[in-house]
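Per-entry structural report
Here's the letter readout for the chains.
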Amino acid sequence: MDVDAPTTPEVDVKHVDPDAPGDRTADEQVDMTGLDEAAAKNRHHDGTDGVHGDHDHVSDNRYIVIAAILAVITAAEVVASYVDLGPVFIPLLLFMMAVKFFVVVSYFMHLKFDNNIFKRLFYTGLFLAVFVYVAALLTFQFFES
Amino acid sequence: MSDTKNDTPDNAVGDPEVQDDNIVSDTVKEAGAIVKDHLSDDHDHRDAHDEFGHTPVDEHDSHPGAHHTSLGLSNTKLAMWLFLGSECLLFGGLISTYMLYRNRHSEGVGPDQLWDIPFTSASSFVLLMSSLTMVLAVSAANRRDDRNTKLWLVVTATLGGLFVAGQVYEFTTFYREGLGYTESLFASSFYTLTGFHGVHVSVGIIMLMATMGMVAKNKISGDKAETVEMVGLYWHFVDVIWIIIFTLVYLIPA
Amino acid sequence: MAIIERPASDTLTYSDMDAAVTATSSYGYLRRPVETTGWRSWAFTVDHKKIGIMYGVAAMVFFVIGGLEAGLIRLQLAGPEGTVLSADKYNQMFTMHATTMVFLFVMPMAAAFANYFIPLQIGARDVAFPRLNALSFWVFIFGGVFLNTSWFLGGGADGGWFMYAPNSDTPFSPSNGVDFWGLGLQIVGIASLVGAINLITTVLNMRAPGMSLMKMPIFTWMAFVTQMLLLFAIPVITVALFLLMFQRSYDATFFSVEAGADPLLWQHLFWIFGHPEVYIIVLPSFGIISEVLPVFSKKPLFGYPFVVFSGAAIGFVGWGVWAHHMFASGLGPISVAVFSVSTMAIAVPTGVKIINWTLTMWGGKLWFTTAMLFAVGLIVNFTIGGLSGVTHAVAPSDTQQTDTYYIVAHFHYVIFGGGVLGLFAGFYYWWPKIFGKCLNERLGKWNFWLMMIGMNMTFGPMHIIGLQGQPRRMYQWTEARAGEGFFNLGFWNLVATIGTFILGVGILVFLYNAIFQHRKEPAAPIDPWDARSLEWLTTSPPKPHNFDRTPTVHALDEVFHRKYEDVGEGDQHEYVLRTSLEDLVLEEERHADAHIHLPAPSYWPIVLAFALPIMAYGVIYTAWLIALGAAIAIAAMFGWALEPADAEPSDFDPPATGGESSSKELANV
């Protein structure tokens, strides 16, 4: 068979015996398991999506508790902005902002329980954003004024 | 969820966290070994990767790729996180522009005259709570509970709509008080930043309603729970951006 | 959820898994495109190989346009008081030359290679999101065409490629050129961003069994780093372009200095994007020659991990050096010192790469094909550009050189010497893989030497001209100030112009070779270069499904290890040929997968992409066009979301008999 020619006829896949011994490739087996919807569903919850089994079902009640905490922090922020706290005011507000940010990202967006690769990708973006823009504002002598 | 496209077998049954932790450390380890191999190399013609090259990989491994191939993750989710990582730099730029310009309004109206903290706090609270309802929708979708999924999606969209309505009200009020878009650097950067956020929220509302409709009519061409989860990720992201804006723009005085 | 797409699952299981979706009811009004020949097979394709070829062709067209603009610039400067172009046209010419070359040639050409070869090199059937891939391409095309229509609608942009605001604001640039520029780049940026998300997902998630990150071919690695840079850099320029758009079209005040605006805001935003952009331009070429050099030296790449990690390090440190473009802007001594040091630091990983390439060739059996010549040419010319770059890191020296031709010389050595030569190495190396025929080597040698002599004659003298003080972006120079003797500006300007035309002839030789001579060439052998990486483990050109069976990877340089056997003992390695690539490919064909599934073509990417320039025209001319464009976009998104990524078998004509239809059937099983 002349494989040099770009016009090599295509393999007629229909003639390949899928059950021929040794021919079954790994991904065919995957497909086989994929047929079973229940199994697929199971996999989804047990780790396919990188959701850690133990934490997969953060119960709805827990979400409500988290939301309540967020609401309390928000209230604290607003209160803080009405009280004269002196030099700790801005750091405190930034701290509360960061706490809220990471609580939502970690729990509501599941980043805490998900595969680490998501965390890395997202935090890379976040880090770069903070780094370049703070550096740029520094060159404006922004924080001195 | 089954992304079994040929080479993305994702039936990895192992502990995914362990598996992932290995990706970076494995890569570094492997690189180190290649380097070591090179150091002991007296002939340049030697192939450094031989040692790894002939590690047998069992093709009949019942879970191929658990350690070497695809990450066993959903492509869509990976793409969504990449997109959100990228969005960090978009909003970072807009926030920085605002931070730089927030005091530059010469004689025009400034933040001190305009801000209505109780009102903005209330609308922030509404958006924050929409994150809760969103997460409840995702949770319901994971349980394959269509009824509650639809319900929470609608509630989320409504809260989002309330937030956007609040923003429109706020913009009109500010405009009446003399803060036109072209009035000052402060005005331009404030409207641009919050406007971009508002557009993101509006897009999110459209996505929520579309998802709701598609769930109702069973027209989602893919995994339903995952689709809801993706909308959720976007929605929460828009929420965390508002968390930052609320503090930096409204609460910290200019 | 418009732009969210799942990778195709196996068709046979599809209907079982998602019983609720039936194709006919879900995508409604239109029958899916199924053509495998004719223009429809290209316009609606989602095949990464076809998209890669289209990217390449389009980028080449823009390369010619950008080259013509460069030719006009050099003609204008060939003699004193040039009259070829008016001052205004000259401004448009250099702005559009740079914009075209950077955004419409080098980046999409790198995208062409990345599209074509990443899936092949990692053993995948396609990218992770085939329809998004098509969207990227069409958005890029429409953006590029939109940008160039400005020539017919009042003139191109005229603010220089970095378009410093407030200089680019309406009082100083009243034509619509800058609007076209900003919106065009916005559109092209969407293409890059979507492409980046797609390719990163592909690299992370679609690798064949056994292919760990440290077994990935080096080109894939460098393309991966490039896409990470794009992912995070594009949004920054997006912000800048939005601010400029609001400033010009809606009277915002971001750059109105009289209102207290800071002119450095634009510079920061542009260069935070702009410096990573430099690495976006050169890293794919670095990847290409890191593939070419080992093959034609008959040795593995020296220090593969170092090449990988130095590439990643360049990508990372590249974020901390942007302000070295702004040393003359009065940043203040501390900022200048910090960015000076970080700029010097980034020379280190770059130097590591040059050393690795050199040592790859050291002691190898060098085979100087055209591809190899271009690769070696890159090392030499890029090193020159890199060294003049280090002189810019020294701020006192840089303030002397800022805005002179010395800078022009430097970045052309980097972008042309480091970027474009690598792309040409890629053409000659991969041409037989893509088209099944080699490019003519004799013409290739001519092509190489003409380009090499041409580029050094063009950009070499610019070092002298620049140090003599000729500023960039000046449309005329006068004999009275040209200087005397060896450093006479007139002489070197003339040399540079002659060089440009030699360079142009070199590129014409390539075009002749690629378009006309190529047809007369015999079919290439399947393994013309004794190649090493996975993309060669299939026919040339590759079948629509790339690999007959998904390869299991055991080694870096997988194909080399399949062809050669190690008969050395202990630590000594000696490789003897075990099997030819022909036999290996035949072996793959014998074990072809029974169920090959490919994503089906779609109308929606091109429709959605088409909406963007309409909206952009709307921003410039009349608002109702924005609404029209938005309506098309929303319709396309819903069509997209409702269309399953996989076509139902019933969407296709029943397979006919004969060779022609078998590929069609295969593509759509």
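Keep in mind it's a predicted model, so treat the numbers as computed, not measured. (Residues numbered from 1 in each chain as written. Chains lettered and ligands numbered in written order. Predicted model: local features only at pLDDT ≥ 70, side-chain atom pairs only at ≥ 80, totals over all residues.)

This part covers the overall build of chain B. Counting secondary structure elements, chain B contains eight helices and zero strands. In chain B, the order of α-helices and β-strands from amino to carboxyl end is α-α-α-α-α-α-α-α. Classification of the 254 residues of chain B by burial places 54% in the buried group. When contacts within chain B are restricted to residue pairs at least 6 apart in sequence, long-range pairs at least 24 apart make up 79% of them. (Helix = DSSP H or I, 4+ residues; strand = E, 2+ residues; numbered from the N terminus. Buried ≥ 20, exposed ≤ 12 C-beta atoms within 10 Å, placed from the backbone. Contact = placed C-beta atoms within 7 Å.)

Turning our eyes to something else, we now look at the overall build of chain A. Assigned secondary structure in chain A consists of five helices and zero strands. Ordering the α and β elements of chain A from the N terminus gives α-α-α-α-α. Considering only contacts in chain A between residues 6 or more positions apart, those separated by 24 or more positions represent 42%.

It is worth spelling out the packing of helix 12 (residues 370–393) of chain C against helix 15 (residues 441–467) of chain C at this point. All names here are of chain C. Look at helix 12 against helix 15: their axes get within 10 Å of each other, and the N-to-C directions meet at 10 degrees. As the angle between them shows, helix 12 and helix 15 are arranged roughly parallel. Judged by residue contacts, Thr 370, Leu 373, Phe 374, Gly 377, Asn 381 and Ser 388 of helix 12 engage Glu 441, Gly 444, Lys 445, Asn 447, Phe 448, Met 452, Met 455 and His 463 from helix 15. A class-by-class count of the residues in the contact of helix 12 with helix 15 yields five nonpolar, seven polar and two charged. (Axes fitted to C-alpha atoms, helices over the stretch in contact; angles between N-to-C directions. Parallel < 35°, antiparallel > 145°, perpendicular 65-115°, else oblique. Nonpolar A, V, L, I, M, F, W, Y, C, P; charged D, E, K, R; others polar.)

This part takes up the environment of Leu 183 of chain C. Residues and elements named next belong to chain C. Tracing the backbone shows Leu 183 in helix 7 (residues 177–205). Its 27 C-beta neighbours within 10 Å are what place Leu 183 among the buried residues. Separated by 147 residues in the primary sequence, Leu 183 and Gly 330 have C-alpha atoms spaced 30 Å apart. Once you skip the residues sitting within four places of it in the chain, Leu 183 turns out to touch Met 245, Ala 616 and Val 619.

So, on to the nonpolar core. Residues Val 292 and Ala 425 of chain C are the most contacted members of the largest nonpolar core, which totals 304 residues. In terms of residue count, helix 8 (residues 218–250) of chain C provides more of this core than any other element does, 23 residues in total. (Core = buried A, V, L, I, M, F, W, Y, C linked by C-beta atoms within 7 Å.)

This brings us to helix 3 (residues 75–101) of chain B. Its 27 residues place the ends of helix 3 of chain B 40 Å apart at the C-alpha level, agreeing with the 39 Å of an ideal helix rising 1.5 Å per residue. Within helix 3 of chain B, 26 of the 27 residues are buried, which leaves the element mostly enclosed by the surrounding structure. (Expected span 1.5 Å × (residues − 1).)

Residue Pro 166 of chain C is reached from Ala 165 of chain C by a cis peptide bond, and omega for that bond is 5 degrees. Its location among the elements puts Pro 166 of chain C in the loop between helix 6 (130–149) and helix 7. Cis geometry is found at the peptide bond from Ser 540 of chain C to Pro 541 of chain C, where omega equals -10 degrees. As for its position among the elements, Pro 541 of chain C is in the loop between helix 16 (489–520) and helix 17 (558–563). With a phi close to 60 degrees, Arg 144 of chain B is a non-glycine residue in the positive phi region. Within the secondary structure, Arg 144 of chain B is located in the loop between helix 5 (117–142) and helix 6 (146–176). Arg 144 of chain B gets classed as exposed once you count the C-beta atoms within 10 Å, which come to 10. Even without being glycine, Arg 473 of chain C reaches a positive phi, approximately 60 degrees.

It is worth spelling out the packing of helix 19 (residues 604–620) of chain C against helix 20 (residues 623–642) of chain C at this point. Residues and elements named next belong to chain C. In the contact formed by helix 19 and helix 20, the axes pass within 7 Å of each other and the chain directions differ by 165 degrees. It follows that helix 19 is roughly antiparallel to helix 20 by the angle criterion. Crossing of helix 19 against helix 20: the hand is left-handed. Between helix 19 and helix 20, the residues in contact are Trp 604, Val 607, Leu 608, Phe 610, Ala 611, Leu 612, Ile 614, Met 615, Tyr 617, Gly 618 and Val 619 and Ala 623, Leu 625, Ile 626, Leu 628, Gly 629, Ala 630, Ile 632, Ala 633, Ala 636, Met 637, Gly 639 and Trp 640, respectively. Class assignment for the residues of the contact of helix 19 with helix 20 results in 20 nonpolar, three polar and no charged. (Left-handed = near helix turned anticlockwise from the far one by under 90°.)

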